[in-house]
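Coordinate inspection notes
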Amino acid sequence: MAHLIAPSILSADFANLQRDIDMINRSQADWFHVDVMDGLFVPNISFGMPVISAVKKHATKPLDVHLMIVDPDRYIPAFKKCGADILTVHAEACTHLHRTIQYIKQEGMKAGVAINPHTPVSVLREIAHDMDLLLVMSVNPGFGGQSFIERSLAKISEAKTMREACGASFVIEVDGGVSLNNYRKVVDAGADVLVAGNAVFATADPVGTIEALKK
Ligand code: DX5
Ligand code: ZN
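The structure displayed is predicted, hence computed values, not measured ones.

Turning next to the overall build of the protein chain. A count of helical and extended segments in the protein chain gives eight helices and eight strands. Taking 17 Å as the expected radius of gyration for a compact globule of 215 residues, we find that the protein chain reaches 16 Å, a close match to that expectation. With the C-alpha coordinates aligned to their principal axes, the bounding extent of the protein chain is approximately 45 × 35 × 30 Å. With 215 residues in all, the protein chain has 55% of them scored as buried. Taking the intrachain contacts of the protein chain between residues at least 6 apart in sequence as the baseline, contacts between residues at least 24 apart amount to 65%. Within the protein chain, one finds 20 positive and 24 negative side-chain charges whose respective centroids are separated by 3 Å.

This is the structure we're talking about:
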């Protein structure tokens, strides 16, 4: 499939959020990437349900919610309620990841699992058939605008190989430091979905940048 683009609203102007949502609506972007940080799992706090509900009211594309929070099971129904379509948890933050994935699906969302740069792809082998999305973090999560970790390219290829070997069908998403300078390598390595925060919002023409990232 042609790769998808999920602009991260973490880099949006929160004082002009509706304007930036409208920009994504009219662009060629496919999803809204929504980063939730709790100040525990990552050293930063972003936003929570009231903001996501407000985004949902205006967004015309699916909300791809990336939870960088400890023990996400506590909030799975709440994220459904505020509008998440895809809910991604971190492997490092879940004791019973298989159970968490089933819970997300039961609540009517697609289930994603993210892995930090230090976590090998192979830890997800036993749940390859259960997850809908595997998120390869290409920076240490917590902040937008960081540099892409080159080793991630090998992990993206490993994820693709694992998917084929298992006959699984999860999509491979890549998050962190993706830009016009490196997106081609990321797609060639096997990424199906590219998250882009800084690369989109720090440019003068975000709609044009999204279009360029789709090519
Ligand atoms: C990082 C977040 C990312 C972030 C990406 O912790 O998960 O989604 O917004 O931002 P860029 O594309 O600027 O690295
Ligand atoms: Zn993210």
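Near ligand 1, the surroundings consist of 20 residues, among which Asp-35, Gly-142, Gly-145, Asp-175 and Gly-177 are the closest. In this structure, Gly-177 approaches ligand 1 through a main-chain N or O atom, which is 2.8 Å from an oxygen atom. Alone, ligand 1 offers 380 Å² of accessible surface; in the complex the protein occludes 99% of this. Across the shell around ligand 1, the residue classes break down as eight nonpolar, ten polar and two charged.

Moving on, we come to the sheet that holds strand E8 (residues 193–196). Pairing is parallel in the open sheet, where eight strands are placed in the order E1-E8-E7-E6-E5-E4-E3-E2. Each of the sheet's edge strands pairs with one partner strand only, and the pair in question is strand E1 (4–7) and strand E2 (32–37). Direction aside, neighbouring strands of the sheet carry axes that sit 25° apart on average. In this sheet, strand E7 (residues 171–175) lies alongside strand E6 (residues 133–137) in parallel orientation, the contact comprising five bridges. Across the sheet, residue Leu-133 finds its bridge partner in E7, namely Val-171. Across the sheet, helix H2 (residues 49–58) lies against E2 and strand E3 (63–68), angled at about 165° from E3, the strand it touches most.

Only His-33 (NE2), Asp-35 (OD), His-66 (ND1) and Asp-175 (OD) from the protein coordinate the zinc ion (ligand 2), and they sit 2.0 to 2.3 Å from it. Bound by six donor atoms, the zinc ion (ligand 2) shows angles of 70 to 172° at the metal and therefore octahedral coordination geometry. Between consecutive donors of the zinc ion (ligand 2), the numbers of intervening residues give the motif H-x1-D-x30-H-x108-D. A relative accessible area of 0% means that His-33 is categorised as buried.

Buried residues dominate E7, accounting for five of its five residues. Alternating residues of E7 divide into Val-171, Glu-173 and Asp-175 and Ile-172 and Val-174, and every residue in both groups is buried. Regarding the hand of the β-α-β motif, the stretch spanning E6, helix H5 (residues 152–166) and E7 is right-handed. Alignment of E7 against E8, held across two bridges, turns out to be parallel. Residue pairing in the sheet places Val-174 in a bridge with Leu-194 of E8. Since E7 and E8 lie parallel, the crossover through helix H6 (residues 183–189) that links them has a hand, and here it is right-handed.

Moving on to the pattern of salt bridges. Within this structure, the stated rule accounts for nine salt bridges. With a shortest N-O distance of 3.3 Å, Glu-150 and Lys-185 are connected by a salt bridge. Residue Glu-150 is found in the loop between E6 and H5, and its partner Lys-185 is found in helix H6; the two are separated by 35 residues along the sequence. Residue Arg-151 pairs with Glu-158 through a salt bridge whose shortest N-O separation is 3.1 Å.

Turning to the nonpolar core, a few remarks are in order. Core analysis: the largest hydrophobic core is formed by 64 residues, its most contacted members being Val-65, Phe-79 and Leu-124. Aside from chain neighbours lying at most four places away, what touches Phe-79 is Val-36, Met-49, Ile-52, Val-65, Leu-67, Ile-69, Ala-84, Leu-87 and Met-109. One finds Trp-31, Ala-114, Val-139 and Val-195 within the second-largest nonpolar core, a separate group that totals twelve residues.

Thresholds, definitions, all that
Residues numbered from 1 in each chain as written. Chains lettered and ligands numbered in written order. Predicted model: local features only at pLDDT ≥ 70, side-chain atom pairs only at ≥ 80, totals over all residues. Heavy atoms only, no water. Helix = DSSP H or I, 4+ residues; strand = E, 2+ residues; numbered from the N terminus. Rg over C-alpha atoms; globule rule 2.2 N^0.38 Å. Buried < 20%, exposed > 50% of the residue type's maximum accessible area, 1.4 Å probe, protein only. Contact = heavy atoms within 4.5 Å. Lys, Arg positive; Asp, Glu negative; His and termini not counted. Charge placed at Lys NZ, Arg CZ, Asp CG, Glu CD. Near = heavy atom within 4 Å. Polar contact = N/O pair within 3.5 Å; in protein donor to acceptor, adjacent residues only side chain to side chain. Areas by Shrake-Rupley, 256 points an atom, 1.4 Å probe, with all protein chains shown as cover. Nonpolar A, V, L, I, M, F, W, Y, C, P; charged D, E, K, R; others polar. Pairing = 2+ DSSP bridges. Axes fitted to C-alpha atoms, helices over the stretch in contact; angles between N-to-C directions. Donors = N, O, S within 2.8 Å, 3.2 Å for Na, K, Ca; no water. Tetrahedral: all angles 85-135°; square planar, octahedral: opposite > 155°, others 65-115°. Right-handed = clockwise from strand over helix to strand, strands pointing away. Salt bridge = Lys/Arg side-chain N within 4 Å of Asp/Glu carboxyl O. Core = buried A, V, L, I, M, F, W, Y, C linked by side-chain atoms within 4.5 Å.

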